[in-house]
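Structural overview for review
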Amino acid sequence: MAKDCKACVVGSGPNGLAAAIVLAQAGLAVDVFEAESTPGGGARTLPLTLPGFLHDFGSAVHPFGIGSPFFSSLPLDKYGLEWIHSPAPLAHPFDNGTAITLERRFEDARATLGEDANIWIDLMLPFVEHWKQLVLQVLGPVFAIPTHPLLMARFGMYGLLSAKVIATRFRSERTRGLFAGMAAHSFLALDECLSGSFGMLLGIAAHAVGWPIPRGGAQSLTNALCSYLSSLGGRVRVSSRVESFAALSDYQLILCDLTPRQMVRVAGSSLSSGYKSKLEQFRYGPGAFKVDYALARPVPWKAPECLRAATVHLGGTFDEIAASESSMRSGENAERPFVLFAQPSLFDSTRAPAGKHTAWAYCHVPNGSRVDMLPRIESQIERFAPGFRDCVLSRHVFSPADLEAMDANLVGGDISGGQMNFRQLLFRPTRSQYSTSAKQIYICSSSTPPGGGVHGMCGYHAAMKALKDHSLIGRKS
Ligand SMILES: Cc1cc2nc3c(=O)[nH]c(=O)nc-3n(C[C@H](O)[C@H](O)[C@H](O)COP(=O)(O)OP(=O)(O)OC[C@H]3O[C@@H](n4cnc5c(N)ncnc54)[C@H](O)[C@@H]3O)c2cc1C
């Protein structure tokens, strides 16, 4: 492809950068326009509290970053990306001062899962053994013919079930709680169909590739993507918010790492009214309420096993987590919210001054909620780590509106680029998925398949579609 074909990407989140890299690999001249002063969108690491403390603004733990078929095809280690695995991917404490951990190796998981070990392994093993095939399908284009139909039929069967149904297989309340926490990443109520698939997929990923953190934070992944893009001739222009597509008339292809609401606002004059009205029907999901902490010492967990995991899920039993997620789905703020907690500095000393620590916590809230969830989040942390508040040197609180102010894609605090119900899994954001009504404009954000998470596959598929549609594949300058 001759360098005279110019493409641009609006937004430098993981999907925008993935799209830019695919286009640059095909030989196009690529510019990325990023509104904020630091690239990365939901994958940025920022000094949010005290000097010397570095916090992941968005993503902290990256099972689909390490497991991404596209990211793992790139030489990102040569550009500074190093994955760190905590000894256990996940810990889940209970009120009696104990915790269950999810261990990466099945041999180790047997001991922690006890009476449910065989049931757990029977459920996960067939997919762990075929992780590479599974992830290609699950993070692939939704309507592609499965290359491994039996594997996908089996996964699809579990995927359609709710977390509640899958959890009935387990005998112990502890295993049911563990599964509930993983399924709750779906932002769905745990009796909704599809919620089980999130629990399954995160469990399978924990055994297959782990739940690693990048040394230096999510920004290291973003920086590696930017550096690799630059080695291909692409450029990222920060502090360059695109307000209207009139400014992009020089570009033959425009890929948008934007959600439908911004598409209408920014690209509106280039899109047909029929297509815009479809975008307006897109549904956003619940929001997040997040807190970043600078800590004087490690979190004083009652259960010491919690210090072995970068991720800790705080919510206790299945029923309690289900109640929290169900209130959020009915538009209410849970009194005892399920809290997702990350403690990266225990495993990565670059995040905080010696002896000090960082932590990140969030809970799910109705989209755009204005309720201050800080006291409820901290009560949940104190419940499993009495004395936690005494360790806090500084905190930075993000309401849903604050999250959106930091990254315009986080509409109402929705961190997944839109609700993940059955309809929006298939037709995301519309039936035409990555394509729009304008033949040179594509959407490549997590509002397209396969949806939220740091994996870059939305950007990859959108860029491949654009290259195919314009017969630009396989031609190099
Ligand atoms: C609090 C939080 C915790 C999370 N935790 C995890 C996690 O642990 N693991 C995980 O895998 N995922 C996690 N995620 C989700 C993950 O960050 C997102 O799914 C992912 O970043 C989506 O990538 P994207 O490229 O589609 O969009 P984004 O990362 O949101 O990037 C969009 C970019 O577009 C830019 N932009 C928007 N409008 C314009 C404009 N008009 N002009 C120019 N630029 C514009 C934005 O500034 C932003 O940089 C988390 C997200 C948040 C917020």
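First things first, this report covers the structure right here in the doc.

The rules behind these values
- Residues numbered from 1 in each chain as written.
- Predicted model: local features only at pLDDT ≥ 70, side-chain atom pairs only at ≥ 80, totals over all residues.
- Heavy atoms only, no water.
- Core = buried A, V, L, I, M, F, W, Y, C linked by side-chain atoms within 4.5 Å.
- Buried < 20%, exposed > 50% of the residue type's maximum accessible area, 1.4 Å probe, protein only.
- Contact = heavy atoms within 4.5 Å.
- Salt bridge = Lys/Arg side-chain N within 4 Å of Asp/Glu carboxyl O.
- Helix = DSSP H or I, 4+ residues; strand = E, 2+ residues; numbered from the N terminus.
- Pairing = 2+ DSSP bridges.
- Axes fitted to C-alpha atoms, helices over the stretch in contact; angles between N-to-C directions.
- Parallel < 35°, antiparallel > 145°, perpendicular 65-115°, else oblique.
- Left-handed = near helix turned anticlockwise from the far one by under 90°.
- Nonpolar A, V, L, I, M, F, W, Y, C, P; charged D, E, K, R; others polar.
- Near = heavy atom within 4 Å.
- Polar contact = N/O pair within 3.5 Å; in protein donor to acceptor, adjacent residues only side chain to side chain.
- Areas by Shrake-Rupley, 256 points an atom, 1.4 Å probe, with all protein chains shown as cover.
- 1 Å grid on protein atoms, 1.4 Å probe; cavity = no way out; pocket = protein on both sides within 12 Å on 5 of 7 lines; lining within 4 Å.
- Points joined across faces, edges and corners; volume = space filled by probe spheres on them.
- Phe/Tyr/Trp six-rings, centres within 6.5 Å; stacked < 30°, edge-to-face > 60°.
- Lys NZ or Arg CZ within 6 Å of the ring centre and 35° of its normal.
- Patch = residues over 30% accessible without salt bridge, like charges linked within 9 Å, V, L, I, M, F, W, Y side chains within 5 Å.
- Lys, Arg positive; Asp, Glu negative; His and termini not counted.
- Charge placed at Lys NZ, Arg CZ, Asp CG, Glu CD.
- Disulfide = S-S within 2.5 Å.

Grouped together as the largest cluster of nonpolar side chains are 100 residues, with contacts concentrated most on L23, L28, F179, M200 and L255. With residues near it in sequence (within four places) discarded, F179 still touches W120, M124, A163, I166, A167, F170, G196, G199 and M200. With 29 residues, the next largest nonpolar core counts A99, F289, A361 and V392 among its residues.

For the structure on display, the rule yields 21 salt bridges. Among the salt bridges present, the one from E107 reaches R105, with a minimum N-O distance of 3.7 Å. The exposed category is assigned to E107, whose relative accessible area is 51%. A relative accessible area of 47% means that R105 is categorised as partly exposed. Taking the shortest distance from any N to any O, the salt bridge between R215 and D348 comes out at 3.9 Å. With R215 in the loop between β8 (213–214) and α10 (218–231) and D348 in the loop between β13 (339–342) and β14 (357–365), this pair connects stretches of sequence that are 133 residues apart. Connected through salt bridges with shared partners, the residues D56, E82, R215, D348 and R351 form a single ionic network.

Our focus in this paragraph is the sheet that holds strand β2 (residues 29–33). One open sheet accounts for 5 strands, arranged β9-β2-β1-β10-β16; its pairing is parallel. Of all the strands in the sheet, the pair left with one neighbour each is β9 (235–237) and β16 (441–443). Pairs of neighbouring strands in the sheet enclose a mean axial angle of 20°, with direction left out of account. Note: strand β1 (residues 6–10) against strand β10 (residues 253–256), 4 bridges, orientation parallel. Bridging from a neighbouring strand, V10 pairs with C256 of β10.

Burial along β13 is two-sided: the residues V339 and F341 and L340 and A342 are all buried. Bridging between β13 and β14 involves 4 bridges; their strand directions are antiparallel. Within β14, the position partnered with F341 by the bridge is A361.

Moving on, we come to the packing of helix α4 (residues 117–129) against helix α6 (residues 149–160). One way to put it is that α4 packs onto α6 with a least axis distance of 11 Å and a crossing angle of 140°. Classified by the interaxial angle, the pair formed by α4 and α6 is oblique. The handedness of the crossing between α4 and α6 is left-handed. Counting all contacts with α4, which are made through D122, L123, P126 and F127, the residues of α6 involved are L151, R154, F155 and Y158. Looking at side-chain class alone, the contact of α4 with α6 contains 6 nonpolar, no polar and 2 charged residues.

Residue pairs three or four apart in sequence face the same way in an α-helix, which turns once every 3.6 residues. Among the 11 residues that make up helix α14 (residues 374–384), 9 are buried, leaving the element largely enclosed by the rest of the structure. The complete set of buried residues in α14 reads L374, R376, I377, E378, Q380, I381, E382, R383 and F384.

The environment of the ligand is formed by 38 residues, the closest being E34, V61, D257, D407 and G453. In this structure, P14 approaches the ligand through a main-chain N or O atom, which is 3.3 Å from an oxygen atom. D257 places a polar side-chain atom, nitrogen or oxygen, 2.8 Å from an oxygen atom of the ligand. For the ligand, the accessible surface in isolation is 1,000 Å², of which the surrounding protein chains cover 95%. Going through the elements one at a time, α1 (14–25) and β14 are the ones with two or more residues in the shell around the ligand. With 3 residues, α1 is the single largest residue contributor to the shell around the ligand. Residue composition of the shell around the ligand, grouped by class: 15 nonpolar, 17 polar and 6 charged.

Now for empty space enclosed by the protein. Summed over the entire model, instances satisfying the criterion amount to 1 cavity of 30 Å³ or more. Looking at the largest cavity, its volume works out to about 40 Å³. In terms of lining, the largest cavity is formed by L54, H55, D56, A60, D292, P344, R351, T358, A359 and W360. Breaking the lining of the largest cavity down by element, the ones donating at least two residues are β4 (55–56) and β14.

A few words now on the packing of aromatic side chains. Two measures describe an aromatic ring pair: the distance that separates the ring centres and the angle between the ring planes. Under the definition given, this model contains 14 aromatic pairs. For the ring pair F70 and Y460, a centre distance of 5.0 Å and an interplane angle of 35° mean the geometry is tilted. Of this pair, F70 sits in the loop between α2 (63–66) and β5 (83–84) while Y460 sits in helix α18 (residues 457–469), and the two are 390 residues apart along the sequence. A relative accessible area of 5% means that F70 is categorised as buried. Judged by relative accessible area, Y460 falls into the partly exposed class, the value being 24%. Ring centres 5.9 Å apart and planes at 55° place the aromatic pair F170 and F179 in the tilted group. For the residue pair F170 and F179, the accessibility class agrees, reading buried in each case. Put simply, the rings of Y293, W301, F341 and F388 pair up and form one aromatic cluster. One cation-aromatic arrangement involves R431 over F427; the distance from NZ or CZ to the ring centre is 4.4 Å.

Time to look at the environment of I21. Mapped onto the elements of the fold, I21 is located in helix α1. On a C-alpha basis, the gap between I21 and L225 in space is 8.0 Å, while along the polypeptide they are 204 residues apart.

Let's shift gears to a positive patch on the surface. Among the surface-exposed residues, K278, R283, R423 and R431 lie close enough to one another that they form a single positively charged patch. With respect to the helices, strands and loops of the structure, R431 is situated in the loop between α17 (422–426) and β16. Owing to a relative accessible area of 66%, R431 belongs among the exposed residues under this scheme.

To continue, consider the state of the cysteines. According to the stated counting rule, one finds 0 disulfides in the structure shown. Free of any disulfide, C256 has its nearest neighbouring cysteine sulfur in C444, separated by 6.9 Å.

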